[in-house]
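Descriptive structure summary
Residues per chain, in single letters:
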Amino acid sequence: QVQLVESGGDLVQPGGSLRLSCAVSGISLMTYHMGWYRRAPGKQRELVARITSSGITDYADSVKGRSTISRDFALNIVFLQMHSLKPEDTAVYYCNAMHRVSGTSYWGQGTQVTVSS
């Protein structure tokens, strides 16, 4: 059974940092592209960052330079480190896994990030 479990969401002040984690079970990070998405209240879900199975990374312009996506093969965890957080980063953050060939996709349940003073 495939499971993606996000954690690390919190209430932080503007300018703060957070590290989100996505614990993955049932699939290998070596064969899946991994991504972090977010959905802010009243908005569509959007891509935040992704890392391909071969390690190529890509970021939304809104977080470029403030975020880093990484993965730990031993722990089977994908991280999203975010710095200089802004109120507009407030959203539910979701982890996604997509098979590099078939396109089969899995989602986590999400973790809430709130940036507010």
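Residues numbered from 1 in each chain as written. Predicted model: local features only at pLDDT ≥ 70, side-chain atom pairs only at ≥ 80, totals over all residues. Heavy atoms only, no water.

1. Focus: the packing of aromatic side chains
Note the threshold: Side-chain rings of Phe, Tyr and Trp (the six-membered ring for Trp) are treated as a pair once their centres are within 6.5 Å; stacked means planes under 30 degrees apart, edge-to-face means over 60, and tilted covers the remaining angles. Under the scheme used here, helices are H or I runs from DSSP no shorter than 4 residues and strands are E runs no shorter than 2 residues, and both carry numbers assigned from the N terminus. Burial here depends on accessible area, computed with a 1.4 Å probe over protein chains only, as a share of the maximum for the residue type. Under 20% is buried, over 50% is exposed, and the range in between is partly exposed. Sitting over a ring, as applied to charges here, requires NZ of Lys or CZ of Arg to be within 6 Å of the ring centre and within 35 degrees of the ring normal.
Tallied over the entire structure, the rule returns 2 aromatic pairs. With a centroid separation of 6.2 Å and an interplanar angle of 45°, the aromatic rings of Tyr32 and Tyr106 are classed as tilted. Of the two residues, Tyr32 is situated in strand E4 (residues 32-39) and Tyr106 in strand E10 (residues 105-107); the sequence distance between them amounts to 74 residues. With a relative accessible area of 8%, Tyr32 lands in the buried category. Ring geometry for Tyr37 and Trp107: centres 5.0 Å apart, planes at 65°, overall edge-to-face. Separated by 70 residues along the polypeptide, Tyr37 in strand E4 and Trp107 in strand E10 bring together distant segments of the chain. For Trp107, a relative accessible area of 34% puts it in the partly exposed group. When the ring centre of Trp107 is taken as origin, the NZ or CZ atom of Arg45, which lies over that ring, is 3.7 Å away.

2. Quick look at the state of the cysteines
The following threshold applies: Count a disulfide wherever a pair of cysteine sulfur atoms falls within 2.5 Å.
Enumeration according to the criterion identifies 1 disulfide in this entry. Between the sulfur atoms of Cys22 and its disulfide partner Cys95 the distance amounts to 2.1 Å. The S-S bond linking Cys22 to Cys95 shows a torsion near -85°; that makes this disulfide left-handed. Of this pair, Cys22 sits in strand E3 (residues 18-25) while Cys95 sits in strand E9 (residues 91-99); the two residues are 73 residues apart in sequence, bridging distant segments of the chain.

3. Quick look at the pattern of salt bridges
Heads up, the condition is: One speaks of a salt bridge when a side-chain nitrogen belonging to Lys or Arg is within 4 Å of a carboxyl oxygen belonging to Asp or Glu.
Under the criterion given, the structure shown has 5 salt bridges. The partner of Asp61 in a salt bridge is Lys64, with the nearest N and O atoms 3.2 Å apart. Overall, Asp61 belongs to the exposed group, its relative accessible area being 67%. Its relative accessible area of 49% is what places Lys64 among the partly exposed residues. Salt bridges here are not isolated pairs; linked through shared partners, they connect Arg38, Glu46, Arg66 and Asp89.

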